[in-house]
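In case you want the letters, here they are:
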Amino acid sequence: MNLGLGNELKLAFPNIKPITRPKVTNNIIQDSTWLSGFVSAEGNFTVSITNSETNNVGKQVKLMFFISQHSRDAELLQNICNYLECGKYYSSTKRNEGSVTVTKFSDIDLKIIPFFKNYPIIGIKALDFEDFYKIGELIKNKEHLTIKGLEKIEKIKSGMNTKRIT
């Protein structure tokens, strides 16, 4: 859709004239439930496990929350950062998009998780948020620094997002 009609559609509907998408001028987040619904469609709760030489288990666990959109919605994404009082807006150098990214654990623990506990996501992504929350609790309790805790996190992560079996 963002790239225009494909050749097959142009051939099938030769009389259709594309129009320019109108510019949205009101990008202020006025309602927490709206933002929760937006994240349900466009957001992502992710867990990264990478090698690390700085702790006993040899792995680092990091929670990440992000929303990506076309670059024309940069102002909206920046307003989401302001509304949540955390995260940063990043503009892609390779694609015509930008994203809100939150990786600081204290922001995830004190802002992101409480926000979505108060304004729950509805739909399949709610399950990803619950797993994200569970892993956050394990990190908060320092269980990610033990082999047993890391195994719990890896098991939870293995069923999140596109790996979820419904």
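Notes on the structure follow.

Criteria and thresholds
Residues numbered from 1 in each chain as written. Predicted model: local features only at pLDDT ≥ 70, side-chain atom pairs only at ≥ 80, totals over all residues. Heavy atoms only, no water. Helix = DSSP H or I, 4+ residues; strand = E, 2+ residues; numbered from the N terminus. Contact = heavy atoms within 4.5 Å. Pairing = 2+ DSSP bridges. Axes fitted to C-alpha atoms, helices over the stretch in contact; angles between N-to-C directions. Polar contact = N/O pair within 3.5 Å; in protein donor to acceptor, adjacent residues only side chain to side chain. Core = buried A, V, L, I, M, F, W, Y, C linked by side-chain atoms within 4.5 Å. Buried < 20%, exposed > 50% of the residue type's maximum accessible area, 1.4 Å probe, protein only. Parallel < 35°, antiparallel > 145°, perpendicular 65-115°, else oblique. Left-handed = near helix turned anticlockwise from the far one by under 90°. Nonpolar A, V, L, I, M, F, W, Y, C, P; charged D, E, K, R; others polar.

1. Concerning the environment of Ser32
- One can find Ser32 in helix α2 (residues 32-42).
- When the C-alpha atoms of Ser32 and Tyr83 are compared, they prove to be 8.9 Å apart, with 51 residues separating the residues in sequence.
- Ignoring sequence-local partners within four residues, the contact set of Ser32 consists of Tyr83, Phe115 and Tyr119.

2. Some thoughts on the pairing of strand β3 (residues 88-91)
- Across four bridges, the pairing between β3 and strand β4 (residues 97-102) is antiparallel. Bridge pairing in β4 places Lys88 opposite Thr101.
- Taken together, β3 and the strand that follows it, β4, pair antiparallel across an intervening segment of five residues.

3. Some thoughts on the sheet that holds β3
- On the basis of which strands lie adjacent, the open sheet formed by four strands has the order β1-β2-β4-β3 and antiparallel pairing. Lying at the two open borders of the sheet, with one neighbouring strand each, are β1 (43-51) and β3. Taken pair by pair, the neighbouring strands of this sheet meet at an average axis angle of 35°, ignoring direction.
- One ladder, built from six bridges, connects strand β2 (residues 59-70) with β4; its direction is antiparallel. Counterpart to Ile67 in the pairing with β4 is Val100.
- Along the sheet, α2 contacts β1 and β2; its crossing angle with β2, the most-contacted strand, is approximately 105°.

4. Focus: the side chain of Lys125
- Summarising the element assignment, Lys125 is placed in helix α5 (residues 125-140).
- A polar contact is formed between the side chain of Lys125 and the backbone oxygen of Ser40, at a distance of 3.3 Å.
- Leave out the neighbours within four places in its chain, and Lys125 touches Val39, Ser40, Ala41, Glu42, Gly43 and Phe45.

5. Side note on the nonpolar core
- Counting residues in hydrophobic clusters, the biggest one holds 34 residues, and the most contacted among them are Phe45, Phe65, Ile80, Ile112, Phe116 and Phe132.
- Every element with two or more residues in this core is listed here: α2, β1, β2, α3 (74-84), β4, α4 (105-118), α5 and α6 (147-157).
- With six residues, the top contributor of residues to this core is α5.
- Contact partners of Phe132, with chain neighbours within four places excluded, come to Phe45, Thr46, Leu63, Met64, Phe65, Ile108, Ile113 and Met160.

6. Structural notes on the packing of α2 against α3
- Contact pair α2 / α3: the axes reach a minimum separation of 12 Å and the direction vectors enclose 125°. Judged on the interaxial angle alone, α3 and α2 are oblique. The chirality of how α2 crosses α3 is left-handed. Residues Ser32, Trp34, Leu35 and Phe38 of α2 form the contact with α3, whose participating residues are Leu76, Ile80, Tyr83 and Leu84.
- For the contact of α2 with α3, a count of residues per class yields seven nonpolar, one polar and no charged.

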